[in-house]
Amino acid sequence: MKALKYLILAAAFLALTGISSAVLAEGKAFCEYVDHGEKKMKATGHCDYNIEGDVVMIKLANGDQYTLTKKKDKKHKSKDQKGRDLRREDKKDGTHYYKWDHRNITVWPEGN
């Protein structure tokens, strides 16, 4: 009984501190892909989304894959697999927003 109580307290702590948001962001999600202001329908839809430490992997509905690596010492700044800079924003509703100069990907993880 004592172990169950500690387990429940630990889960509540993780939920309150936001540590569990990375766990919730793994797996399936819905992604919207916009390039030069135009939503790309073949890329928009259900997608695979995974966060492992400082690396985010997004596989869009059309099969295009993005590997985003967080820049050291720069909050909300990342680079994609081709070395292009982008900015990441985590919205209060659980949405993740990735913005390049001419494109963006918005990710709604399942469960949010």
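Residues numbered from 1 in each chain as written. Predicted model: local features only at pLDDT ≥ 70, side-chain atom pairs only at ≥ 80, totals over all residues. Heavy atoms only, no water.

### Here's the deal with the pairing of strand β8 (residues 96–99)
Point 1. In this structure, strand β7 (residues 85–90) lies alongside β8, joined through 4 bridges in antiparallel fashion. Each residue of the ladder has a partner; that of Glu89, found in β8, is Tyr97.
Point 2. Counted between consecutive antiparallel strands, the loop separating β7 from β8 contains 5 residues, among which Gly94 sits at a positive phi close to 95°.
Point 3. Across 4 bridges, the pairing between β8 and strand β9 (residues 103–109) is antiparallel. Opposite Tyr98, over in β9, you have Ile105 as the bridge partner.
Point 4. The antiparallel hairpin formed by β8 and β9 contains 3 residues in its connecting segment. (Pairing = 2+ DSSP bridges. Helix = DSSP H or I, 4+ residues; strand = E, 2+ residues; numbered from the N terminus.)

### Regarding the pattern of salt bridges
Point 1. The final tally for this structure, using the stated rule, is 9 salt bridges.
Point 2. One salt bridge connects Lys72 with Asp54, and the closest N-O pair in it is separated by 3.8 Å. Pair noted here: Lys72 is in the loop between β5 (65–70) and β6 (77–79) and Asp54 is in the loop between β3 (45–52) and β4 (55–59), with a separation of 18 residues, a long-range link.
Point 3. Owing to a relative accessible area of 65%, Lys72 belongs among the exposed residues under this scheme.
Point 4. Between Asp80 and Arg84 there is a salt bridge; the shortest N-O distance is 2.7 Å.
Point 5. Here the salt bridges share partners, and the residues they tie into one network are Lys71, Lys79 and Asp85. (Salt bridge = Lys/Arg side-chain N within 4 Å of Asp/Glu carboxyl O. Buried < 20%, exposed > 50% of the residue type's maximum accessible area, 1.4 Å probe, protein only.)

### Observations concerning unusual backbone geometry
Point 1. At His36, a residue that is not glycine, the phi angle is positive and equals roughly 50°.
Point 2. Turning to its location among the elements, His36 is positioned in the loop between β1 (27–35) and β2 (38–39).
Point 3. Classification of His36 by relative accessible area gives exposed; the value is 60%.
Point 4. The backbone phi angle of Asp73 is positive, close to 65°, even though this residue is not glycine.
Point 5. The residue Asp73 is located in the loop between β5 and β6 in this model.

### So, the packing of aromatic side chains
Point 1. Counted according to the given criterion, the structure contains 4 aromatic pairs.
Point 2. Seen from their ring centres, Tyr49 and Tyr98 are 6.5 Å apart, and the 55° between their planes marks the pair as tilted. Within this pair, whereas Tyr49 is found in strand β3, its partner Tyr98 is found in strand β8, the two being separated by 49 residues in sequence. Here Tyr49 and Tyr98 have matching classes, each one buried.
Point 3. Through successive ring pairs, a cluster of aromatic residues spans Tyr33, Tyr66 and Trp100.
Point 4. Lying across the ring of Tyr97, Lys91 places its NZ or CZ 5.5 Å from the centre.
Point 5. In this structure, Arg103 is placed above the aromatic ring of Trp100, and the distance from its NZ or CZ to the ring centre is 6.0 Å. (Phe/Tyr/Trp six-rings, centres within 6.5 Å; stacked < 30°, edge-to-face > 60°. Lys NZ or Arg CZ within 6 Å of the ring centre and 35° of its normal.)

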